[in-house]
Amino acid sequence: MKITESTILAATNGDRHALERIILSVQDMIYNIALKMLWHPEDAQDATQEILLKVITNLSSFESKSTFNTWVYRLSINTLINFKNRIQQQKISFEAYAIQLHQGFADDIHYTSNESERKLLIIEAKVGCSNAMLQCLNADSRLVYILGEILEFNSTEASFILDIPPSNFRKKLSRARIKMNSFLQANCGIINPKNTCRCHKKVDDAIQKKRINPQQLLFAKTNETEQLINSIHSIQTHITLYQSNPEYQAPETILHDIKNLVTKYDPI
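Small disclaimer: the values here were computed from a predicted structure and weren't measured.

Asker: Looking at this structure, how should I read the environment of L241?
Answerer: Turning to its location among the elements, L241 is positioned in helix 12 (residues 238–243). Expressed as a C-alpha distance, the spacing of L241 and V127, which sit 114 residues apart in the sequence, is 9.1 Å. Setting aside residues up to four positions removed in sequence, L241 forms contacts with K126, S130, L184, I190, I191 and I235.

Asker: Hey, could you run me through empty space enclosed by the protein in this one?
Answerer: Tallied over the entire structure, the rule returns one cavity of 30 Å³ or more. Of the volumes computed, that of the largest cavity is approximately 50 Å³. N32, L35, K36, N131, N245, P246 and Y248 are the residues that line the largest cavity. For the lining of the largest cavity, the element with the highest residue contribution is helix 2 (residues 16–38), accounting for three residues.

Asker: So what exactly am I meant to see when it comes to the packing of helix 5 (residues 94–101) against helix 9 (residues 166–187) here?
Answerer: Helix-helix packing: each pair is described by the crossing angle between the helix axes and the interaxial distance. The interhelical angle for the contact between helix 5 and helix 9, taken along N-to-C directions, is 20 degrees, at an axis separation of 11 Å. The angle between the axes of helix 5 and helix 9 places the two elements in the roughly parallel class. When the axes of helix 5 and helix 9 are compared, the crossing they make is right-handed. Between helix 5, through F94, Y97, A98 and L101, and helix 9, the contact on the second element is made entirely by K179, M180, F183 and N187. A class-by-class count of the residues in the contact of helix 5 with helix 9 yields six nonpolar, one polar and one charged.

What counts and how
Here, residues in each chain are numbered from 1, in the same order as that chain's written sequence. Per-residue local features of the predicted model are confined to residues with pLDDT of at least 70, and side-chain atom pairs are confined, for both listing and counting, to 80 or more; whole-chain, interface and lining totals are unaffected and use all residues. Each side-chain value is derived from all of the structure's non-hydrogen atoms; neither hydrogens nor water enter the calculation. Counting from the N terminus, the helices are DSSP H or I runs at least four residues long and the strands are E runs at least two residues long. Residues are treated as being in contact if the distance between any of their heavy atoms lies within 4.5 Å. For cavity detection a 1 Å grid was placed over the protein atoms alone, and a set of points counts as a cavity when a 1.4 Å probe fits there but cannot get out; an open set counts as a pocket when protein lies on both sides within 12 Å along at least five of seven lines, with lining residues being those that have an atom within 4 Å of a point. Grid points are joined across faces, edges and corners, and a volume is the space filled by probe spheres set on the points. Interaxial angle, 0 to 180 degrees, is taken between N-to-C directions of lines fitted to C-alpha atoms, where a helix line uses only the stretch in contact. Throughout, the term roughly parallel applies to angles under 35 degrees, roughly antiparallel to angles over 145, roughly perpendicular to angles from 65 to 115, and oblique to all others. Take the far helix as your reference; a near helix turned counterclockwise from it by less than a right angle gives a left-handed crossing, and one turned clockwise gives a right-handed crossing. Three classes are used, and their members are as follows: Ala, Val, Leu, Ile, Met, Phe, Trp, Tyr, Cys and Pro are nonpolar, Asp, Glu, Lys and Arg are charged, and the others, Gly among them, are polar.

Now the structure itself:
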């Protein structure tokens, strides 16, 4: 849903229906970048709520110097940097994560023989692992990598979002790309068939160590399983590894709370 300047103007003038259309148009993209940045869905949900509030309260400051979505991404990034600093999360390095990946292999998934459940567990392992790899990058590099590689913003757009010169963004992206690609080439069996690590081989160990809860999956979605399983076999680069991950809809609780946000909206 493309948001027009007339819709933004109507919202800033107090049209709550226009404001609701704006919020509905950006909530999913906000949630997805928050999920990539923060890893855990609950943290991403909290951050999404906070960002939506900022979109509402700062809407009158949008000046069409960029596209509306780019402006929303800029608000999101600024919020996520501070949000990341507020939450307590275990930090992990590429070196430590490599050790973790090379432990607990199993030839097959022994937790269940149900084929549908097995596929869901493989997706949970794949998405959870690839998102965890992002956490090995420091916050600055992670933002650059998400914008440049996964979301494919060009240096002009990304530099506006991050408020840095385009040349600086390109240098940061090059460094982040090298770190991620080197790690994947050395450890990930999807990217490099010579590596031992495969998503299905890590499922049982992840369940045993409570990194995967089969009764409460964080990332796997039933209606997307077949397509995602097929996509695993066609992944050849670090970019497609991340772009093959599903796009998520913002949780229903956010949809419910939008009504409250809009009801309380009082344009300045």
